[in-house]
Structures are given as C-alpha cells and as structure tokens.
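Here is how the chains run, residue by residue.
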Amino acid sequence: MRAEYVNSFYKATLDVLKLMLDVEVKQGELSLVEGLVPSKDANVIIGVTGDLKGNILFSFPRDMTLEMVYIMSGMRMEEIDTFVSSALGEVANIIGGNALSNLSASNYNCDIVPPQILIGTYHSVSMANEKAMRIPLITTIGEFDITLYLKENK
Amino acid sequence: MMWKEKYKIGVELVDGQHKELFNRISDFVKIVQDKKSSWDEKVNQVKETMYFMQDYVVTHFADEEKYMAEIDYPELEEHKKIHADFKAGVFNYVNRLETEGYSEELAQEFGAKIMAWLIMHVAATDQKIGAYVRSKEEGSI
C-alpha cells in the first residue's frame, strides 16, 4: 500500500475528529494484520471502489463511542443503540468523504460504499491471507484503530 | 446542550439561526432518546418535533442563502448545492418515516445523522462564510 492513499484516510480522520469533536489524535505503532478483524466494541466498515478497491475499518471501544456521542449531542447515552451507532457510522462516512477529496488531489478517483456498522463483532470480515495495515490512534477520550486494506485498481 | 460557542461564525443573524437549529435538532433527539416513555406514548411528540426541525432547516438555509447573495459570497453556488443535498437527506428520512411508519430505529438513525450533518456543516462549511466576511472587513480598512 502506498503512503499517498494511506495518508488520505489518516489525514481525513484527524481533520474530522478535530473539527467535529475537538479531539486531537496521536499515532501509535503501525502493524500488519491478517484481514479485517473488528477488534473493539463498535466497528464501522467503509468500502472503497474506483481507482482503489478495498475496505477501511474503524474500531472504537464502548466508552470512547459514548464519549464521542456525548461531545456531539451534549447528552449522556447509556448504551450503543441505533442512535449511537448511526452517529458513529455518520462520522466514519464523513471521514470517508473527506478522504475521497484528499485522494482526488492525488489523482485517485474513488467512491465509498455506505458504512456497515458492527457492534460487538470480533470475527474477521474479509480477505483470507491478505495483509492489512492497522494504525492505532491515541486520543484523550480513548484509543481506537483504523485498519486499511486497499489495492490499486487502475 | 448541542450548541457550542466554537460553532459561531461571527455573523449575528446566522449564529442566532444556527443556535435555534441546534436547539430544534436537540429537542428531536431528546424525545427520541427519552427511554422513560414508551415509543407509543411519545410518537406524536416525535412527529411534532420532527416537522418543527424540518421547517427550520428550510427557513434557515433560505435565509443564509439570501445573506450570502447580499455579501457577494464567492462560493454561493457551491454552498447552495450543499444545502440542497442536506435538505434532500432530511426530506428522504421524513418521507421514509411517513411511508414506512414511525419506527424507533429509523427515528434514531435520522436524529443521529442530522446531528452529525449539522455539526460538520456548521463547524466546517459555514466557517468559510465567517472567514470571508472578516477578510472583506480587513480589506476595507
């Protein structure tokens, strides 16, 4: 995977979390993992099509998810219900949209497939034997991961 | 409270309306997420707050577009397109709730999305209006 498109998603994540939630993000150590495995309580998968093909997985712990929704709504939610998971999915969708603008600046024309939200699922969701890149991200409201699996398709 | 001071763009008319819009969305979400009442008990209130919120989206966007035209905002057309997409998203959910029935799940999904859309719109897109107004003021000194 090339730095250009990994960075497009990484930068979009930083920008959107800062804009929408006032959350600053610090990057942890990158690693290669087998397939896309939702590793935390609330997971959002965005499909990418076009010049790049693949998936981006966001994995958030429960408390961080509820804190993100609290920052947005000013209301304390007790559980990850449809409201909470839809809010999380929409944040991921907005990140995906911003990443597409970053990518088109590097001449990759892509589209995103609406997010799929998985709550409390820890099974691998795709790609046997393919390596994906996991970026752990550290914030003041918790630690989450983005896992990227993208292939050039042009 | 959903509204935050950081959402201000520095134009009184727009900031006041944004605050009202956040309040109406907040009222809708509060009713939808109020776990103390059953869905049947509150569904009429859900509808009422939904239409109240939808009306204000239309009113505010129209007023904001009028204001942008008055100040010769260079990104007016692009901004109008973003408003049109936002409104289409809102109308789509209202329409689905009306035709598919007022389910709690769909109302929760709608509340979450309109909240995220508004935050992103006000925190990013609308800030450019404020920046333009400030740059014009500085230029005229």
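Here is a short report on the structure shown in this document. These numbers come from a predicted model, not from an experiment. (Residues numbered from 1 in each chain as written. Chains lettered and ligands numbered in written order. Predicted model: local features only at pLDDT ≥ 70, side-chain atom pairs only at ≥ 80, totals over all residues.)

**A short note on the overall build of chain B**
Piece 1. Regarding its fold elements, chain B presents 5 helices and 0 strands.
Piece 2. Moving toward the C terminus, one meets the helices and strands of chain B in the order α-α-α-α-α.
Piece 3. Considering only C-alpha atoms, chain B reaches an extent of 60 × 25 × 20 Å along its principal axes.
Piece 4. A buried classification covers 28% of the 141 residues belonging to chain B. (Helix = DSSP H or I, 4+ residues; strand = E, 2+ residues; numbered from the N terminus. Buried ≥ 20, exposed ≤ 12 C-beta atoms within 10 Å, placed from the backbone.)

**Overview of the pairing of strand β6 (residues 131–139) of chain A**
Each regular strand displays side chains that alternate between the two surfaces of the sheet.
Residue and element names in this part refer to chain A.
Piece 1. Of the pairings in the sheet, the one linking strand β1 (residues 26–27) to β6 comprises 2 bridges and is antiparallel in character. Bridged to Gln-27 within β6 is Leu-137.
Piece 2. Sheet topology places strand β2 (residues 31–34) next to β6; 4 bridges connect them, and they run antiparallel. Directly across from Glu-34, in β6, lies its bridge partner Lys-131.
Piece 3. For β6 and strand β7 (residues 142–152), the ladder comprises 7 bridges, and the chain directions are antiparallel. (Pairing = 2+ DSSP bridges.)

**With respect to the interface of chain B and chain A**
Piece 1. Every contact between the two is made by 18 residues of chain B and, on the other side, 15 residues of chain A.
Piece 2. Per element, the largest residue contribution to the side of chain B that touches chain A is 12 residues, and it comes from helix α4 (residues 104–125) of chain B.
Piece 3. Class assignment for the residues of the side of chain B that touches chain A results in 11 nonpolar, 3 polar and 4 charged. (Contact = placed C-beta atoms within 7 Å. Nonpolar A, V, L, I, M, F, W, Y, C, P; charged D, E, K, R; others polar.)

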